[in-house]
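Fold and geometry: a report
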Amino acid sequence: MLYFLGWYMTFVDYIFLVIYFLECVVKLYVWRLGYFKEAWNIVDFLIVLCNIADLLVPVIMGNEVNILQFLSILRSMRALRALRVLRTVRFLNSLQVIMNTCLQSMQSMGAIVSLIFLFLYMFAVIGRGLYSEVDPDRFGNLTSAMFTMFQLLTLDDWFYIYTDAVKRDPGSFHIIFYLMMYIATEYFIFLNLFVAVLVDNFQLTLEAAAEADAERKAALKAEEEEQNEKHASMIERQKMSENLSLASSVEVPHIKRTIDDYYEEHKYNSGDRQSLGHLFQLLAAIEYQGHVLRNQQGTLSKVIELVQEVRAF
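Residues numbered from 1 in each chain as written. Predicted model: local features only at pLDDT ≥ 70, side-chain atom pairs only at ≥ 80, totals over all residues. Heavy atoms only, no water.

So, the overall build of the protein chain
What counts here: Strands here are runs of E lasting at least two residues and helices are runs of H or I lasting at least four, both read from the DSSP assignment and numbered beginning at the N terminus. Relative accessibility under 20% of the residue-type maximum defines a buried residue, over 50% an exposed one, and the middle range a partly exposed one, all with a 1.4 Å probe and only protein chains included. What makes two residues a contact is simply this: any of their non-hydrogen atoms within 4.5 Å. Each accessible area value is a Shrake-Rupley result obtained with a 1.4 Å probe; residue values ignore everything except the protein chains displayed when judging cover.
Regarding its fold elements, the protein chain presents eleven helices and zero strands. Across the 313 residues of the protein chain, 21% fall into the buried class. Considering only contacts within the protein chain whose residues lie at least 6 apart along the sequence, 60% involve residues at least 24 apart. About 23,100 Å² of surface is accessible on the protein chain, with carbon and sulfur atoms providing 65% of the total.

Right, here's the structure in full:
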């Protein structure tokens, strides 16, 4: 039964190794060197390499290899892949807020933790100096005293520390004041201050997230309005171009006049009057054709601008 279970787990291990290997190969084929720009991809790549080495080294060099112990330790790093779940739960805004709060509170919490351990060391030195003979198990040396002080951060067994000291030496009743001062300083002040920093940063992170969300919505709204304006402008220009093309296709009516309407009959002979009439007809035709050409040029310019705007959009 145990042999079958071990074989089954080994088989499952190889299956997951193949899946991870194929994942790396596909990502390398798609992203090329861009695959190594993300830290998580580098971690995955190193884990797969270690697992492949752990699989191939026994086959190539045999089982008596000391490096296998090191590689077997690296195989446990595969469990770190479970942290990748945090990258896939981006829809949980509350989780993102908590993570941002913890990251932003590192500096403030570092100062508070330093104060906590500073006072812990101070009280451990005082307790060792005062109660090392009364309670050598808890205050016999600096290490045990610091461990006792750290235990008191959880308010665990403080009453037993007092009762044991009083039983051994009734004159050591003042240890209760020592314990009360330490608990009040570390637990009720510094630990609550620690929580206050987290709450304050959590509130700041919530406000920053709300502002960022409002800015994002405003940007999306402005972009949507801009797209609507561009679309309306395109429709308006298209209508204008259609109207211009329609206007250019309609012939301009003109009234045919003769030379008699402009010059008196007795001033010019029949040949001159015929030449002048023909000249005026040519001038009218040139003016008409120029008007048509200008309309066509305007229509063509509008069409070109419309095509450029459609491509840019």
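Once the structure has been displayed, the description carries forward.
Observations concerning the nonpolar core
Threshold: Buried residues of nine kinds, namely Ala, Val, Leu, Ile, Met, Phe, Trp, Tyr and Cys, make up a nonpolar core once their side-chain atoms join them within 4.5 Å.
Counting residues in each nonpolar core, the largest one holds 22 residues, and the members touching the most others are Phe-139, Met-149, Ile-175, Tyr-178 and Tyr-182. Among the elements of the structure, α6 (106-131), α8 (142-152), α9 (158-168) and α10 (175-249) are those that each provide at least two residues to this core. When near neighbours in sequence (up to four residues on either side) are disregarded, Ile-175 contacts Tyr-131, Phe-139, Ile-161, Tyr-162 and Ala-165.

A short note on the packing of α6 against α8
Basically, it comes down to this: Fitting a line to C-alpha atoms yields each axis, with helices limited to the stretch in contact; the angle taken between N-to-C directions then spans 0 to 180 degrees. Note on terminology: angles under 35 degrees are roughly parallel, angles over 145 are roughly antiparallel, angles of 65 to 115 are roughly perpendicular, and the others are oblique. Each crossing gets its handedness from the near helix: less than a right angle anticlockwise from the far helix is left-handed, clockwise is right-handed.
Close contact between α6 and α8 brings their axes to 8 Å; oriented N to C, the two are set at 125°. Judged by the inter-axis angle, α6 sits oblique to α8. In this structure, α6 meets α8 at a crossing whose hand is right-handed. Contact residues: α6 offers Leu-120, Tyr-121, Phe-123, Ala-124, Val-125 and Arg-128, while α8 offers Leu-142, Ala-145, Met-146, Met-149 and Phe-150.

Side note on unusual backbone geometry
Positioned with a positive phi, Arg-32 is a non-glycine residue whose angle comes to about 60°. Examined against the element boundaries, Arg-32 turns out to sit in the loop between α1 (2-31) and α2 (39-61). For Arg-32, a relative accessible area of 53% puts it in the exposed group. Phi at Asp-157 is positive, roughly 65°, even though this residue is not glycine. Residue position: Asp-157 is located in the loop between α8 and α9. Note on Asp-157: relative accessible area 31%, which makes it partly exposed.

Notes on the packing of aromatic side chains
We count it as follows: Two rings belonging to Phe, Tyr or Trp (six-membered ring only in the last case) form a pair when the distance between their centres is within 6.5 Å. Interplanar angles under 30 degrees mark stacking, angles over 60 mark edge-to-face geometry, and anything in between is tilted.
In this structure the tally under the stated criterion is twelve aromatic pairs. When the ring of Phe-159 is compared with that of Tyr-162, the centres are 6.4 Å apart and the planes differ by 45°; the resulting orientation is tilted. Note that Phe-159 and Tyr-162 are positioned in helix α9 at a spacing of three residues, about one turn of the helix. Residue class for Phe-159 comes out partly exposed when judged on its relative accessible area of 46%. These aromatic residues form a ring-pair network of at least three members: Phe-123, Tyr-131, Phe-139, Tyr-178 and Tyr-182.

Remarks on α8
Worth spelling out the cut-off: This arc is built from the directions going out from the helix axis to the C-beta atoms. N or O atoms closer than or at 3.5 Å make up a polar contact, with two conditions inside protein: a donor-capable atom paired with an acceptor-capable one, and, for residues adjacent in sequence, both atoms drawn from side chains.
Along α8, the residues that are buried comprise Ser-144, Ala-145, Thr-148, Met-149 and Leu-152. Along the axis of α8, the buried positions cluster into a sector of 140°, meaning they face one direction only. Exposed residues lying more than 90 degrees from the buried face of α8 are Thr-143 and Phe-147. Its side-chain oxygen placed 3.2 Å from the backbone nitrogen of Thr-143, Asn-141 serves as the N-cap of α8.

What to know about the pattern of salt bridges
The condition that has to hold: Take a side-chain nitrogen of Lys or Arg and a carboxyl oxygen of Asp or Glu: if they are within 4 Å of each other, that pair is a salt bridge.
As enumerated under the stated definition, the model contains seven salt bridges in all. One salt bridge in this structure joins Asp-137 and Arg-168, with 4.0 Å as the shortest N-O distance. Residue Asp-137 is found in helix α7 (residues 136-139), and its partner Arg-168 is found in helix α9; the two are separated by 31 residues along the sequence. Exposure remark for Asp-137: the relative accessible area of 62% places this residue in the exposed category. Among the residues examined, Arg-168 registers a relative accessible area of 48% and is labelled partly exposed. The salt bridge involving Lys-217 is made with Asp-213; its shortest N-O contact spans 3.4 Å. Of this pair, Lys-217 and Asp-213 are both found in helix α10, four residues apart, which corresponds to roughly one turn of the helix. Asp-213 sits in the partly exposed class, given a relative accessible area of 28%. In the salt-bridge network here, residues are joined through shared partners; they are Asp-135, Asp-137, Arg-138, Asp-164 and Arg-168.

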